[in-house]
Amino acid sequence: MRIDKLLSNIGYGSRKEVKQLLKTGAVKADGISIKDAKTHVDPAAQMITVHGETVEYKEHIYLMLNKPGGYLSATEDSVQETVIDLLEMEDAVYKPFPVGRLDKDTEGLLLLTNDGQLSHQLLSPKKHVPKTYYAKILGKVTEEDAAAFKQGVELDDGYVTKPASLVILSADEQSEINITITEGKFHQVKRMFEAVGKKVTYLKRISMGPLLLDENLALGEYRELTDEEVEALQNAKAVEL
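Now for a description of the structure that goes with this document. (Residues numbered from 1 in each chain as written. Predicted model: local features only at pLDDT ≥ 70, side-chain atom pairs only at ≥ 80, totals over all residues. Heavy atoms only, no water.)

Concerning unusual backbone geometry
For His51, which is not glycine, the phi torsion reads 55° and is therefore positive. Along the polypeptide, His51 turns up in the loop between strand E3 (48–50) and strand E4 (53–54). Owing to a relative accessible area of 61%, His51 belongs among the exposed residues under this scheme. One non-glycine residue, His187, lies in positive phi territory at about 50°. Considering the arrangement of structural elements, one finds His187 in the loop between strand E10 (174–181) and helix H6 (188–195). Of the residues examined, His187 reaches a relative accessible area of 28% and is grouped as partly exposed. (Helix = DSSP H or I, 4+ residues; strand = E, 2+ residues; numbered from the N terminus. Buried < 20%, exposed > 50% of the residue type's maximum accessible area, 1.4 Å probe, protein only.)

This is the structure in structure tokens:
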């Protein structure tokens, strides 16, 4: 990779600014100054330094965010804050994007990456990657609701959902449940409960395929995935509910 492209990609400025930086002699590969922007380097095999500090370069970044309410699952918005606004600059420079969407008021697990192939794989309708949510429901959730979800319910626009697994944690005037779905229609969980005459008052995603929300992450916090977590996502299989 050209040295100017590498440094520009990880936030050292525009190509023009990087060229100015190179002219100062501050950039070195294995201890040798690089002043020509066209010089090719291999960040995996060479030690690249800027002002004596080692440059860490990675092609892909994988982040697990515990999304708080109030943020859009988008990369940019002219009015509202997005999940990208929660990232440190050192991570934002890799230009990660949300894999799928969580509603603005929904909390929990959101995967951010710049790996388009993995994102496509996880979101492909053919894959049916399961997503599990914890929710609080206004109204008493029953085994009849669970049976209906298992069959698929008709939403307000006439669409019949694929089978979903509903686990009742508590049932009263306000119920608590876990629900697992394999698709991601607009406001799907909320609309499924509306179809059986109930209302979601709180929604939090707790897993996506094999990836579980890290309970140590406070709302708004994130961390990089481990190699094992990335591999598990890459090998995620379709499931039948």
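A look at helix H4 (residues 116–123)
Among all positions in H4, only Leu118, Ser119 and Leu122 are buried. With its buried residues spanning 100° around the axis, H4 presents them on a single face. Along H4, the residues that are exposed and aim more than 90 degrees away from the buried face are Gln117 and His120. Buried residues belonging to H4 abut strand E5 (62–67), strand E6 (97–98), strand E7 (107–113), strand E11 (199–208) and helix H7 (227–234). Sitting at the amino-terminal end of H4 is Asp115, which places a side-chain oxygen 3.2 Å from the backbone nitrogen of Gln117. (Arc of directions from axis to C-beta. Contact = heavy atoms within 4.5 Å. Polar contact = N/O pair within 3.5 Å; in protein donor to acceptor, adjacent residues only side chain to side chain.)

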